[in-house]
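Each chain, written out:
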Amino acid sequence: MKLNHINLLVADVNEARKFLEKYFQLHTRTSRGKFFAVLSDESGFVLTLMKGTAVNYPKTFHIGFVQENEEQVNHINQRLRDDGFDVESPKRAHGWTFYVNAPGGFTVEVLCPADNIPN
């Protein structure tokens, strides 16, 4: 069994879609302007975005994008900083990781799992 899609309610579909395309290599498959978008990655995962008026995820809710190594995590972190996002530097926790508040009202974790970090 494989999880193949998730749907997120977002305050701004277009901004969330652009963010996910720019930093996480998702590609838009379908878009209905500001109301709905379907994005996917090369492995077939599908992420749908739907316009929501009262987006309010629990504090610890997030989606995660696993990277192959720490350098990729650092690179995304720096790109986000350069583009004006308020992100903390990556930390060693359950891997090399950081979180960012994405446009649209959800949180994204970027991480390299501990088992991918060289000793």
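Before reading on, note that the structure itself is shown above.
Residues numbered from 1 in each chain as written. Predicted model: local features only at pLDDT ≥ 70, side-chain atom pairs only at ≥ 80, totals over all residues. Heavy atoms only, no water.

J.: Which residues make up the side chain of Q67, and what are the values?
T.: Along the chain, Q67 turns up in the loop between β5 (63–66) and α2 (70–82). At 3.4 Å, the side chain of Q67 and the backbone oxygen of F65 are in polar contact. (Helix = DSSP H or I, 4+ residues; strand = E, 2+ residues; numbered from the N terminus. Polar contact = N/O pair within 3.5 Å; in protein donor to acceptor, adjacent residues only side chain to side chain.)

J.: For the sheet that holds strand β4 (residues 46–51), give the residues involved together with the corresponding values.
T.: Across the sheet, which stays open at both edges, the four strands sit in the order β1-β4-β3-β2 with mixed pairing between neighbours. For this open sheet the edge positions go to β1 (5–10) and β2 (27–31), each flanked by a neighbour on one side alone. Adjacent strand axes in the sheet meet at a mean angle of 25°, parallel and antiparallel pairs treated alike. Bridge count for β1 against β4 is six bridges, and the pairing is parallel. Residue L9 lies in a different strand from β4, and its bridge partner there is M50. In this fold helix α1 (residues 13–24) packs onto β1, β2, β3 (36–40) and β4, with an angle of close to 155° to the strand it touches most, β4. (Pairing = 2+ DSSP bridges. Axes fitted to C-alpha atoms, helices over the stretch in contact; angles between N-to-C directions. Contact = heavy atoms within 4.5 Å.)

J.: Quick rundown of the packing of aromatic side chains? Include the residues and the values.
T.: Taken as a whole and judged by the stated rule, the model has six aromatic pairs. Relative to F85, the ring of F19 lies with its centre 5.4 Å away and its plane at 55°, an arrangement referred to as tilted. Note that F19 is positioned in helix α1 and F85 in the loop between α2 and β6 (91–92), a separation of 66 residues in sequence. Taking relative accessible area as the criterion, F19 reaches 3% and is therefore assigned buried. Here the aromatic cluster, defined as three or more aromatic residues joined through ring pairs, consists of F19, Y23, F24, F65 and F85. (Phe/Tyr/Trp six-rings, centres within 6.5 Å; stacked < 30°, edge-to-face > 60°. Buried < 20%, exposed > 50% of the residue type's maximum accessible area, 1.4 Å probe, protein only.)

J.: Give me the lowdown on α1, citing residues and values where you can.
T.: Its 12 residues place the ends of α1 16 Å apart at the C-alpha level, agreeing with the 16 Å of an ideal helix rising 1.5 Å per residue. Of the residues making up α1, those classed as buried are V13, A16, R17, F19, L20, Y23 and F24. The arc that holds the buried residues of α1, viewed along the axis, is 160°, so those residues lie on one side. Between a side-chain oxygen at the N-terminus of α1 and the backbone nitrogen of N14 the separation is 3.2 Å; the capping residue is D12. At the exit of α1 stands Q25, carrying a positive phi of roughly 55°. (Expected span 1.5 Å × (residues − 1). Arc of directions from axis to C-beta.)

J.: I'd like a rundown of the sheet that holds β5, residues and numbers included.
T.: Spatially, β5-β8-β7-β6 is the arrangement adopted by the four strands of the open sheet, whose pairing is mixed. In this open sheet, the two edge strands, each paired with only one partner strand, are β5 and β6. Seen against the sheet, α1 touches β5, β7 (95–102) and β8 (106–113) and runs at an angle of roughly 10° to β8.

J.: So what's going on with the environment of E70? Which residues, and what values?
T.: Inspection of the secondary structure puts E70 in helix α2. Sequence separation of E70 and A114 is 44 residues, and the distance between their C-alpha atoms is 9.9 Å.

J.: Outline the side chain of E70, listing residues and values.
T.: Using a relative accessible area of 18% as the deciding quantity, one classes E70 as buried. Polar side-chain contacts of E70 include one of 3.1 Å to the side chain of R92.

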